[in-house]
Amino acid sequence: MKSLFVCLLLALAGQSLAQSQDEFVEYLLEIQSQAESVHQLMEGTFDNVRFSMSDELVELNRQLIGRMNEALEEVEQIREDTEAFVGESSAPASCVDVAVANWAVEIEGVGQALSRCASRANIQITSRTADVHAALEAAQVQSTELQNIVVRGFIDWNAIDYTERISEIVGAQIQEKYDYFQRITQPNLERVLQGIFDLDDNLLPEIVTCVNRGVERFNNYGRVIRDTLFFCSQ
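Notes on the structure follow. Owing to the predicted nature of the structure, the values given are computational and were not obtained by experimental measurement.

1. Examining the overall build of the protein
Phase 1: Looking only at helices and strands, the protein features 5 helices and 0 strands.
Phase 2: For the protein, the N- to C-terminal ordering of α and β elements is α-α-α-α-α.
Phase 3: Here the protein holds 234 residues, and 37% of them are scored as buried.
Phase 4: By sequence separation, contacts in the protein at least 24 residues apart represent 88% of the contacts at least 6 residues apart.
Phase 5: For the protein, the accessible surface area stands at approximately 13600 Å², while carbon and sulfur atoms represent 52% of it.

2. Digging into the state of the cysteines
Phase 1: This model, assessed by the stated rule, comprises 2 disulfides.
Phase 2: C95 shares a disulfide with C232; S-S distance 1.8 Å. Residues C95 and C232 are joined by a disulfide whose S-S torsion is about 75 degrees; by sign, that bridge is right-handed. Taken as a pair, C95 in helix 3 (residues 93-99) and C232 in helix 5 (residues 166-232) lie far apart in primary sequence, 137 residues in all.
Phase 3: A relative accessible area of 10% means that C95 is categorised as buried.

3. Considering the side chain of K177
Phase 1: Within the fold, K177 resides in helix 5.
Phase 2: With relative accessibility at 18%, the residue K177 sits in the buried group.
Phase 3: A distance of 3.4 Å separates polar atoms of two side chains, one belonging to K177 and the other to Q142.
Phase 4: Apart from residues lying up to four places away in sequence, K177 is in contact with M42, Q142, E145, L146 and I149.

Rules and cut-offs
Residues numbered from 1 in each chain as written. Predicted model: local features only at pLDDT ≥ 70, side-chain atom pairs only at ≥ 80, totals over all residues. Heavy atoms only, no water. Helix = DSSP H or I, 4+ residues; strand = E, 2+ residues; numbered from the N terminus. Buried < 20%, exposed > 50% of the residue type's maximum accessible area, 1.4 Å probe, protein only. Contact = heavy atoms within 4.5 Å. Areas by Shrake-Rupley, 256 points an atom, 1.4 Å probe, with all protein chains shown as cover. Disulfide = S-S within 2.5 Å. Polar contact = N/O pair within 3.5 Å; in protein donor to acceptor, adjacent residues only side chain to side chain.

The values reported here are purely geometric and, on their own, carry no functional implication.
And the structure:
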């Protein structure tokens, strides 16, 4: 990749006959070294953000899915226990009919409740993830502009009165990009990435509470049915 980039710049600046090839390559390599160092720093930061986000989301989703699966198992157990109790009850049929009148509705309701919990989690995760991707996309523009600085510098090779200063001139522009990356881009990436890490502290408890409430409500309704049939059978 580096050799290809060097060849490209040599081709762009090949019309400069006043500068010897050795001097030209010396300036070229100096500038390329400056740009490459900053570029690698940027790309390394971008990769770290992506990997960190991925690792955090994998663990978060593991916990959310785990709790959701447990909730579904609990709901199924409550349903089976309640329906078994109804089937074995000696309560009058009229009492049974009243007690279980809304049972099917409650079963559908708990499913919808758990679905809303999952949807709430998905919305927040998607929003935070979108923030990170947007920040990375903007940061990637900075990385591309960094490379364009070097290319533009050599396109304008013949317009520079003192060619020995090209590394200094282009180097100042590279430094400006590096300073911007440190002051603006990197802190912004850290901020949006922190938004992903914060999900473990705020979203996870919120969704677990949401799921627990849905299961608890369903369990309470099953208990009402069992209690009602118990008293009717006395």
